[in-house]
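Working through the structure, step by step
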Amino acid sequence: MDRIGGGSAVVCAVATGVLASFWSVSPASAGSGRAEAREVRDAGEACSAPEMSVRAPMRVSPSVPIGAVRRDSDYYSIDLVPTRRVPATAYVRGTAEVTFSPSPFVVTVTPDGSYDYEVHVRLPELREPRGGGYVAWVTTTEIDEIHRLGQLQDGRVSGRVAWNKFLVVVTLEEDPMVATGRWTGPIAFRGMSRSGTMHTMAGHGPFQDEKCAAYGYQ
Amino acid sequence: MIVQSVPSIPLRLRVSAFATALAALLSMPGVLQAQHEMHGMSMEMEGGWRMAPMDMSMPMLPGLEGAMPVVGAFLPGMGMDISMFPEARPSRVVELADGDTLAVAVSMVRRTIAGHDMVMYGYNGQYPGPLIKAPQHATVMVRVTNEIQMPTTIHWHGLRLRNEFDGVPGVTQDPIERGESFLYELDVPDAGMFWYHPHVREDVQQDLGLFGNLMVLSPDPEFLGPANREEVLVLDDMLIDDAGLFPYGLESPTHALMGRFGNVLMVNGITDWSVDVRRGEVVRFYLTNVANTRTFNVTFGDAPVKIVASDVSRYEREQWVESVVIGPAERYIVDVRFPDAGEVAIANSVQNVNHFRGVFEPTVDTLGRVRVAEDAVAEDLRESFEHLRVHEEVVDDIDRFRPWFDREPDHSLVTTVRVRDLPLPIMQSMEMDTLYVPPMEWNDAMPMMNWLSSGEQVTWILRDTDTGLENEEIDWRFDVGDVVKVRVHNTPDSFHPMNHPFHIHGQRFLVLSTDGVPSENLVWKDTAIVPVGSTVDLLVEMSNPGTWMAHCHIAEHLHSGMMFSFTVED
């Protein structure tokens, strides 16, 4: 049979805590909490880059009540880690659970084969800010595409994403009701999909020439 | 006799005189010699093996140079003149009425695939086997005569038939030895598309061409909506290298970790399936996945696709979909309208994982082509096609079971794997590989390691979480009429997690939810994918007495232990 595709789209993943702790040989292995915070700040700064493209928000009303989600394994859970850039969030922890978007199949994928997920952000300890509101977003690991999931209500919000690798960020927005294409406020929490741990020997070894410094690598 | 699906016999002990004789044959000089070099390895290997085909961009794992599976190599007809076998011919339709008997010979045939002549198996010399059509509620007979080298049976996948005709050797019947016959009496209570295949070394026999469809016709002419034509698509893949068909494991399967992915994709046994239609035609496709392990994501270009039915029933309601995710042994019926002239590729569109490079690789393989003529179809079915029907009979039927939907599971299973004596480089590398485990494996992401893992070294496990019993130790018992909720969790915390198409014989079930998320549009199934990390709740109607199998339908997982039986008493 003829093969139409097959080209690789190598991306340089932003290191997460899991990633940094595993890749002890990586330059990012200095991976302490501090290093993680620095990387996330880099990500936030990258978002204001003028060349970044922005797509329309995806569907923000999930079909699944957040309480219905039940994962017997936290393997695909995304730890939401505070960046300490927003007051009163330093010790707040949360998760973003992923489930397959409803479909006639157990496994939901898009026509190009990407997983089609619903992302359920949960930050139960998060207090309402004195001003503005918290908004959850998902973005590609290159941060060249961003979708707004929506404003958190009682520390929760859900939405849909059809990327195989993605970041979840929660920002503090002055006007959380404005459906902008990208965030303007500081990132309060961030996390990465489990697939982000596929940061491997080839991606930053002799086979690739990624500008890793742009993602916080030294 | 070689390895069979006999629960009471430990897999690793199932080696027969037949297997020994074949091993001796294959060890003869010159019987099989690889015709290519890869990664500096010699093209000649001992015991009839040659190196597994793999992506040349992937580096050879250090320490595995020259490694071979611990099991012997097997190919049908080795050492025999291929011209002595009859050339296989395409599938034919056989319409059976109530009480009719069909004779089916299981025989060796000659086929040419991807430019290679090879000896394969066939039902009545056909690829796929005959498309059997029978009216719903009929009883039809199939007399099976075995003419191949190894014992066989036929399992009638999805049929809620009498237990003694389920085709499981050692459970419902003795295997059909070479030269022997067995008469199957098939009750067909449910309308839809079913299929048949051996239950003896499926990884070999099914892969070599022993599969076919059984279409059960509803007496209701409105059972399915109107369509201009119907096409049966049997999806499959085969593993072929420069020398032809790649050998199978003799005593037990190779590729035990991930199953044997093929590198040549086929529809109805050919690599260039196509159909000519007129503009505006509504084509009903009956999809069946007979591959050993591959899950397909089938797309139809930009043509609108409406899903109508699956394994054992129609959906509660028709629904638009953009692609069809179909795991091994599953069936789906979809209606597709082709509004524009031109060519539409039916494709498998997936995101393969390249663990070495740490990326998802978009991959599209063309499965077939639909050539749409400029001429418009005479009977325009656009209006009916665009109407999404609600199948009230299905809704009413399922309504009877809703009281059970929210109760706690009656049984819980967890899937995992145990390995022993794998080469050290594999053990070490797998720790890296499993840094990220995708919910689904769409391709063989580690062909060398996968090939070197055999059923002798890998035990796939279904474990009852309440009792701790595993695989053949499990012995659930029910009464006819019981409605049983079974929770299946596919743990990611194992040596090599992988998705499993879970199949239950002789009964039907609903997939109630996945990870707590209720299914919005229910359909009766006999096989359902359990992705890695997910928990799937199944509601099983125990309507059919007998002792039945439940197992993973990845052939290599099944023959690496991933099965158990349960009994439904009258």
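Please read all numbers here as calculations on a predicted model, not as lab measurements. Counting restarts for each chain: residues are numbered from 1 in the order of the written sequence. Chains carry letters and ligands carry numbers; both start at the beginning, A for chains and 1 for ligands, and go up in the order they are written. Only residues with pLDDT of 70 or above have their local features reported here, since the model is predicted, and side-chain atom pairs are shown and tallied only from 80 upward, although totals for entire chains, interfaces and linings are computed over all residues. For the side-chain quantities, the full set of heavy atoms in the structure was used; hydrogens and water were omitted.

**Describing helix H4 (residues 392-399) of chain B**
All names here are of chain B. Exposure is judged per residue with a 1.4 Å probe applied to protein chains only, and the accessible area is read against the type maximum: over 50% gives exposed, under 20% gives buried, and values in between give partly exposed. Per the convention used, a helix needs a DSSP run of H or I reaching at least four residues, while a strand needs a run of E reaching at least two, with both numbered from the N terminus. Along H4, the residues that are buried comprise Val394, Val395, Asp397 and Ile398. For H4, the angular spread of buried residues about the axis comes to 165 degrees, placing them on one side. Of the surrounding secondary structure, the elements contacted by the buried residues of H4 are strand S22 (314-321), strand S32 (508-514) and strand S34 (524-525). Note that the arc is defined by the directions from the helix axis to the C-beta atoms. Should any heavy atoms of two residues lie within 4.5 Å, those residues are considered in contact.

**Examining the sheet that holds strand S13 (residues 229-238) of chain B**
Residues and elements named next belong to chain B. By this definition, two strands are paired if DSSP reports at least two bridges between them. If you trace the 6 strands from one edge of the open sheet to the other, you get S17-S13-S19-S24-S21-S22, paired in mixed fashion. The sheet is open, and its two borders are formed by strand S17 (264-267) and S22, each paired with just one other strand. Across the sheet, the mean angle from the axis of one strand to that of its neighbour is 25 degrees, orientation sign disregarded. Looking at chain direction, S13 and S17 are connected through 4 bridges and run antiparallel. In the strand pairing of S17, aspartate 237 is matched with leucine 265. For helices, the fitted axis covers only the stretch in contact; all axes are lines through C-alpha atoms, and the angles between them, taken along N-to-C directions, range from 0 to 180 degrees.

**Things to note about the packing of aromatic side chains**
Residue and element names in this part refer to chain A. Working definition: a ring pair exists when centres of Phe, Tyr or Trp rings (six-membered ring for Trp) sit within 6.5 Å. Plane angles under 30 degrees give stacked, over 60 give edge-to-face, the rest tilted. Counted by the stated rule, this structure contains 24 aromatic pairs over all chains. Ring centres 5.6 Å apart and planes at 25 degrees place the aromatic pair phenylalanine 100 and tyrosine 117 in the stacked group. Placement of the pair is phenylalanine 100 in strand S2 (residues 94-100) and tyrosine 117 in strand S3 (residues 117-122), with a sequence separation of 17 residues. Using a relative accessible area of 6% as the deciding quantity, one classes tyrosine 117 as buried.

**Focus on the pairing of strand S25 (residues 342-354) of chain B**
Residues and elements named next belong to chain B. Most of S25 is tucked away, with 10 of its 13 residues classed as buried. Where S25 lies against strand S26 (residues 359-376), 13 bridges are found, and the strand directions are antiparallel. Looking at the pairing, isoleucine 346 lines up with glycine 368 of S26. Connecting S25 to the antiparallel partner S26 that follows it, the hairpin turn spans 4 residues, and glycine 358 within it adopts a positive phi of roughly 70 degrees.

**Some words on the sheet that holds strand S7 (residues 131-135) of chain B**
Residue and element names in this part refer to chain B. Here 5 strands make up an open sheet; going across it, the order is S3-S7-S12-S11-S9 and the pairing mixed. Each end of this open sheet is capped by a strand with a single partner; those strands are strand S3 (93-95) and strand S9 (155-157). Between one strand and the next, the sheet's axes are offset by a mean angle of 25 degrees, whatever the strand orientation. When S9 meets strand S11 (residues 192-197), the two strands line up antiparallel, connected through 3 bridges. Each residue of the ladder has a partner; that of histidine 155, found in S11, is histidine 197.

**Description of the environment of leucine 123 of chain A**
Residues and elements named next belong to chain A. Looking at the element boundaries, leucine 123 is found in the loop between S3 and strand S4 (133-139). Placed 28 residues apart in sequence, leucine 123 and threonine 95 show a C-alpha to C-alpha distance of 6.7 Å. Ignoring sequence-local partners within four residues, the contact set of leucine 123 consists of Leu80, Val92, Arg93, Gly94, Leu152, Gly155, Val170 and Phe189.

**Observations regarding the nonpolar core**
Within the largest apolar cluster, 190 residues are counted, with the highest numbers of intra-cluster contacts made by Val121 and Phe166 of chain A together with Trp156, Phe285, Phe338, Phe502 and Phe566 of chain B. If one sorts the elements of this core by residue count, strand S4 (residues 101-113) of chain B sits on top with 6 residues. Residue types Ala, Val, Leu, Ile, Met, Phe, Trp, Tyr and Cys, when buried and joined through side-chain atoms within 4.5 Å, form a set referred to as a nonpolar core.

**Comments concerning the pattern of salt bridges**
All names here are of chain B. Basic side-chain nitrogens of Lys or Arg form a salt bridge, by our definition, when they fall within 4 Å of a carboxyl oxygen of Asp or Glu. Using the criterion set out here, one finds 36 salt bridges over all chains in the structure. Ionic pairing is found between aspartate 207 and arginine 260, a salt bridge with its closest N-O pair at 3.5 Å. With aspartate 207 in the loop between helix H2 (202-205) and strand S12 (212-217) and arginine 260 in the loop between strand S16 (248-249) and S17, the pair connects residues that are 53 residues apart, well separated along the chain. For aspartate 207, a relative accessible area of 1% corresponds to the buried category. Notably, a salt bridge pairs arginine 477 with aspartate 475, separated by 3.2 Å at the nearest N-O pair. On the basis of relative accessibility, which here comes to 41%, the residue aspartate 475 falls in the partly exposed class. Each of Arg160, Asp190, Asp397, Arg400, Arg508 and Glu541 takes part in salt bridges that share partners, so that together they form one network.

**Some words on empty space enclosed by the protein**
Picture a little ball the size of a water molecule; that probe, rolled over the atoms, points out where space is still empty. Space inside and on the surface of the protein is sampled on a 1 Å grid over the protein atoms alone, with a cavity defined as a set of points where a 1.4 Å probe fits but cannot get out and a pocket as an open set with protein on both sides within 12 Å along at least 5 of 7 lines; lining residues have an atom within 4 Å of a point. Grid points are joined across faces, edges and corners, and a volume is the space filled by probe spheres set on the points. Per the stated rule, a full pass over the model turns up 9 cavities of 30 Å³ or more. What the largest cavity holds in volume is close to 280 Å³. Forming the walls of the largest cavity are 26 residues, and the residues nearest its centre are Ser103, Pro104, Phe105 and Val106 of chain A together with Ser519 of chain B. Split by residue class, the lining of the largest cavity holds 14 nonpolar, 8 polar and 4 charged. In this model, the second largest cavity occupies a volume close to 80 Å³. In terms of lining residues, the second largest cavity is bounded by Tyr76, Ile78, Val98, Tyr115, Tyr117, Asn164, Phe166, Ser193, Arg194 and Ser195 of chain A together with Tyr436 of chain B. In this classification, the charged set is Asp, Glu, Lys and Arg, the nonpolar set is Ala, Val, Leu, Ile, Met, Phe, Trp, Tyr, Cys and Pro, and all remaining amino acids, among them Gly, are polar.

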